[in-house]
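Observations on the three-dimensional arrangement
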Amino acid sequence: MRLTRIRIEQFRQFRTALEIGDLAPGLNLFTGPNEAGKSTVVAAIRAAFFERHRSASVDDLRPWNEPNAAPTVALDFELNGQPCHLTKTFLSRKRCILQLGRETLDGELAEDRLAELLGFQYAGRGASKAEHWGIPGLLWIEQGSSQALREAVGHATDHLRGALHQSLGEVTARGGDELLGVVAAQRHELLTEAGARPRGGYKEALDKESALAAELAQLDQEIARYRERVDALAALRREHAADEAEQPWRVLRAQQGEAEARLQAAAELHAALTAERQRAAELASRIDLLRAQLDGFAREEQALAARRAALESARQAHAAATAPLENWRARLVQAERALEAARAMLRAFRQRAERARLARDAEAAQRQLDTVTAQLQQAEAAQLRVQALQREIAANAIGPQELKTLRAQARELADIDIRCRAVATRLTYELEPGQQIALNGQALTGHGEIRLLALTTLVLPGLGRLEIAPGGGDLAALTARATELADAQHMLLARLGLDSLAAVEARELTQNNLQNDLAIAQASLRALAPQGLDALHAEHTVWAARAQELAQALERLPPPADTPAELPTAAEAEAAELAATQTVDALREDAHRAELAAADAHSRLEAAIREHAAAQALCEAPERAQRLAAASRELTAARAEQAALAARIGELERQLAAARPEILQQDVERLRASAEQLERQHHERRERLLRLEVALQTEGARGLDERRAELARDHAQAARRVAELRRRAAALDLLLDLLRDQRRALTRRLQAPLQKHLNRYLQLLFPQASIEIDEDLAPGPLIRPKGGGSEWSGFEALSFGAREQMGVIARLAYADLLAEAGRPTLLILDDALVHSDAERLAQMKRVLFDAATRHQILLFTCHPANWRDLGVAARALAALRG
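Residues numbered from 1 in each chain as written. Predicted model: local features only at pLDDT ≥ 70, side-chain atom pairs only at ≥ 80, totals over all residues. Heavy atoms only, no water.

**Looking at the overall build of the protein chain**
- Tallying secondary structure elements over the protein chain gives 20 helices and 20 strands in all.
- For 882 residues, the compact-globule estimate of 2.2 N^0.38 gives 29 Å, and the C-alpha radius of gyration of the protein chain, at 50 Å, exceeds that figure by more than 25%.
- Taken across its 882 residues, the protein chain has 34% of its residues classed as buried.
- Sequence separation of 24 or more characterises 71% of the internal contacts of the protein chain that already satisfy a separation of 6 or more.
- For the protein chain, the exposed surface amounts to about 50,800 Å²; the carbon and sulfur share of it is 52%.
- Taken as two groups, the 115 positive and 125 negative side-chain charges of the protein chain have centres that lie 3 Å from each other. (Helix = DSSP H or I, 4+ residues; strand = E, 2+ residues; numbered from the N terminus. Rg over C-alpha atoms; globule rule 2.2 N^0.38 Å. Buried < 20%, exposed > 50% of the residue type's maximum accessible area, 1.4 Å probe, protein only. Contact = heavy atoms within 4.5 Å. Areas by Shrake-Rupley, 256 points an atom, 1.4 Å probe, with all protein chains shown as cover. Lys, Arg positive; Asp, Glu negative; His and termini not counted. Charge placed at Lys NZ, Arg CZ, Asp CG, Glu CD.)

Encoded structure:
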């Protein structure tokens, strides 16, 4: 990249235009004292590239005390062998135009193309910062920042790596990165990043082995408990037989009946007392309501008087608010006519500018319309995919509660089946050859065993029939519950249109897959239409209408004409139009306030009229006097009845106190609790006996020893799986370390091209010295020969002047690297190397002269005497301004 011309106007201290032309392809030296504008020229170049032309955060570019100024920067340059021109105006008349050869771009399209070509980016909001400047931010040194190298390199690292990758294509192939990623991913499946702790399948295998070991120990405890409960069953049977013979609860039940009869008599007294008290409370409430009604009549008359006064006040306020309204409207009409006349004066000057603007806008709108049309077509296809998936998901939807219910029903049915088999009556038969019997109409021959769960009829040919009722108090309840659960499960499956729990679970798996597909399709749709398809349609419609509107506007414009001689100047017309606009705005605001005041007064008047009419209608109602007299009579009668009720309540309270109902209630509760406790203990003992018998039969049928053998086998398999995963995790950990070592060696090969360019300049400044490049492509320690050995110095440990010199030669090396990769380079040094002594400065001049054979360098200094032997003529900024 080579700058050929710089023009700055209305930019900070340059109120009038400053133009710098005929820039050389190599060194360009600009001199001037402090405050001459050197840093302002650099800031203008930076603003032209780094700041959005529509940014509202660049007020510092405006000249002091000129609020209407429009800072403008125009640059001519060559890029990739073709001539380019960039013009950017900020604040008042915002615009950006970029010409790349024969191509012309404007607005954000032009800015984005520049960022792509030069290797930087724009800030999302606010002013541009160092982290956005990329390659130019590295090569364009601001005043006093030569030594601040590491941060600038960090912001440009990605672009520098791209240049290295272009120079060393086969060395930086992605195969190694992919293999490293695969091994790291496989290790990550088994071990955590920090601490290498088990995770994923490895952790699951460890947890499974631990769980099986715990389950095996638990099963050993169950076997021991089974043997203990067999001994407890015999003792329980003896206690139950003794309690069945005595039945001590019958005597307590008889005593409880006598106490309840006495308590009933006391309860009747209490009920009568409660009824009288309730009537007294109702009567008191009635009296309060009648008093409130009489008070309400009085308040209504007071409200009518208040509404009458408010109505008169509202009428007076309305008359005062509407009086000045017509005067404001007449003055506003006169001011608007003056404004229209002033605006007519401006049209003649603005027709030509409008035609040029419409032509540019029409071209930009058509380009944007083509882009939005392509995006809309892709988004509509994605929308159709999302809708198809949503319909399929909705057609096969299964609620999580329904699946949970079906699984719970299946578990409970299996449990009921086990319990029924444990308590069912077992019928074993063995018949002579040729003989048969009938069980519920089904012929039985030979020998076998049947479990009876319900009332069963057994027919013995030639002998008669037997009715067999299975024992066990819970069998009928279990059978009924099983039938109820089976019916409920069948109804739920029928509602879902499926025939089994397995089919429901298969549909749920299908739904999960569809949900994943839907999420992917929706993500694609969001990427194409972040604000939604309707918003994209609207944007397409807007751009289509915009393009058509601009084309039609161009056709409607009259042909360009000369400005009439009798019209005032453009500045005078703009001043007249601005003054007329301000007058109209002020009058509109005053008229609007007057209209608001009149409208508010009118609203208040209407509300006062409505409220007064309502209060008057309420007080003048024909039935109001009758209601007032009736309320007074009812209040007198209610007070008389209240006195009679008080006497009856006192008599009932004396009778109830003599009966002592609380003592009678305690007797009933004591006797009932005692009888229930004895009877409950008897029933509980019987139920414990039955449950213990069933539990022992069930556990005996469970085959605890067989289960333990199977569990021991599973535990051994889990232990082998843990050992296998432990070996795999260790192998992957070792392989990942080896691959990372290889990756570090490859990184050193990537640093070699930059090392070569840096050493070229380093030998001109520090003969026989060397410097390391770290992984972030920033200069590391400096190694210089000293006393038969070598001296190691970190970059930050160098003196300020040495760091400043190293910062300049490092940037020259980066420029050489970028040039080899075909990237544009331009170096700007704003008062750099001011802390160098005469000897080091002479060496740096050799470095800069050598670099200028490959790059364009703009050097700004306030010490022209220090650069007389640079080999190029100095150009004073003061002379350029004159």
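**Some points on the sheet that holds strand β2 (residues 18–21)**
- Strand order across the open sheet formed by 6 strands is β2-β1-β4-β5-β6-β7, with antiparallel pairing between neighbours. Here the strands that pair on one side only, and so sit at the sheet edges, are β2 and β7 (103–106). Sheet twist, expressed as the average angle between the axes of neighbouring strands with direction ignored, equals 10°.
- In this sheet, strand β6 (residues 95–100) lies alongside strand β5 (residues 82–89) in antiparallel orientation, the contact comprising 6 bridges. Looking at β6, one finds that Thr-89 is bridged to Arg-95.
- Contacting β1 (2–9), β2, β4 (72–79) and β5, helix α1 (residues 38–50) runs over the sheet at an angle of about 95° to β5.
- The strands touched by helix α2 (residues 107–118) are β4, β5, β6 and β7; relative to β7, the strand with the most contacts, the crossing angle is about 115°. (Pairing = 2+ DSSP bridges. Axes fitted to C-alpha atoms, helices over the stretch in contact; angles between N-to-C directions.)

**Regarding unusual backbone geometry**
- Unlike most non-glycine residues, Asp-22 shows phi in positive territory, near 55°.
- Secondary-structure assignment places Asp-22 in the loop between β2 and β3 (27–31).
- You will see that Leu-91, though not glycine, has its phi angle at about 70°, which is positive.
- The residue Leu-91 is located in the loop between β5 and β6 in this model.
- The class of Leu-91 is buried, set by a relative accessible area of 12%.

**Here's the deal with the side chain of Asp-106**
- Turning to its location among the elements, Asp-106 is positioned in strand β7.
- Take Asp-106: its relative accessible area is 18%, and that puts it in the buried class.
- Of the polar contacts made by the side chain of Asp-106, one reaches the side chain of Arg-367; its length is 3.5 Å.
- In this view, Asp-106 contacts Cys-96, Ile-97, Arg-360, Ala-364 and Arg-367; residues no more than four positions away in its chain are not counted. (Polar contact = N/O pair within 3.5 Å; in protein donor to acceptor, adjacent residues only side chain to side chain.)

**A word on helix α18 (residues 800–820)**
- With 21 residues, α18 extends 31 Å from end C-alpha to end C-alpha; this agrees with the ideal 30 Å at 1.5 Å per step.
- For α18, the buried fraction is high: 18 of the 21 residues fall into the buried class.
- Where α18 ends, the next residue or the one after it, Gly-822, has phi of about 80°, a positive value. (Expected span 1.5 Å × (residues − 1).)

**Here we look at the nonpolar core**
- Counting 93 residues, the largest nonpolar core has Leu-3, Phe-49 and Phe-77 as its most contacted members.
- By residue number, the principal contributor to this core is α18, which donates 11 residues.
- One finds Ala-379, Val-386, Leu-389 and Ala-529 within the second-largest nonpolar core, a separate group that totals 15 residues. (Core = buried A, V, L, I, M, F, W, Y, C linked by side-chain atoms within 4.5 Å.)

**Description of the packing of aromatic side chains**
- Evaluation of the coordinates by the stated rule reveals 7 aromatic pairs.
- Cluster of aromatic residues (ring-pair linked, three or more members): Phe-49, Phe-50, Phe-77, Phe-120, Tyr-122, Trp-133 and Trp-140.
- The ring centre of Trp-133 lies 4.8 Å from the NZ or CZ of Arg-46, which sits over that ring.
- The ring of Trp-867 is capped by Lys-845, whose NZ or CZ atom sits 5.9 Å from the centre of that ring. (Phe/Tyr/Trp six-rings, centres within 6.5 Å; stacked < 30°, edge-to-face > 60°. Lys NZ or Arg CZ within 6 Å of the ring centre and 35° of its normal.)

**Quick notes on the pattern of salt bridges**
- Under the definition given, this model contains 39 salt bridges.
- For Glu-66, the salt bridge is made with Arg-15, and the minimal N-O distance between the two is 2.4 Å. Pair noted here: Glu-66 is in the loop between α1 and β4 and Arg-15 is in the loop between β1 and β2, with a separation of 51 residues, a long-range link.
- The exposure class assigned to Arg-15 is partly exposed, which follows from its relative accessible area of 37%.
- In the salt-bridge network here, residues are joined through shared partners; they are Arg-5, Arg-7, Glu-9, Glu-19 and Asp-76. (Salt bridge = Lys/Arg side-chain N within 4 Å of Asp/Glu carboxyl O.)

**Some words on the state of the cysteines**
- Counted under the stated rule, the structure contains 0 disulfides.
- As a non-bridged cysteine, Cys-96 has Cys-84 as the owner of its nearest cysteine sulfur, 13 Å distant. (Disulfide = S-S within 2.5 Å.)

**Let's talk about a nonpolar patch on the surface**
- A surface patch of nonpolar side chains, about 290 Å² in accessible area, is lined by Leu-734, Leu-735 and Leu-738.
- Mapped onto the secondary structure, Leu-738 falls in helix α16 (residues 704–750). (Patch = residues over 30% accessible without salt bridge, like charges linked within 9 Å, V, L, I, M, F, W, Y side chains within 5 Å.)

**Focus: the sheet that holds strand β13 (residues 456–460)**
- Read from one edge of the open sheet, 4 strands run β11-β10-β13-β14, paired in antiparallel fashion. Strands with a single pairing partner mark the edges of an open sheet, and in this sheet they are β11 (442–445) and β14 (464–468). Strand-to-strand twist of the sheet, defined as the mean angle between neighbouring strand axes without regard to direction, takes the value 25°.
- In terms of strand pairing, strand β10 (residues 436–439) meets β13 through 2 bridges, oriented antiparallel. Considered in β13, the bridge of Leu-439 is made with Leu-458.

**Description of the confidence of the model for the protein chain**
- Taken as a whole, the protein chain shows an average pLDDT of 80; of its residues, 91% reach a score of 70 or greater.
- Within the model, pLDDT remains below 50 along residues 168–174, and this stretch shows 7 contacts once partners closer than five positions in the same chain are excluded. (pLDDT = per-residue confidence, 0-100.)

**With respect to the pairing of β3**
- Most of β3 is tucked away: 5 of the 5 residues are buried.
- Taking every second residue as pointing to the same face, both faces of β3 are buried, with Leu-27, Leu-29 and Thr-31 on one and Asn-28 and Phe-30 on the other.
- Across 5 bridges, β3 lies against strand β19 (residues 857–861) in parallel orientation. Bridge pairing in β19 places Asn-28 opposite Leu-858.

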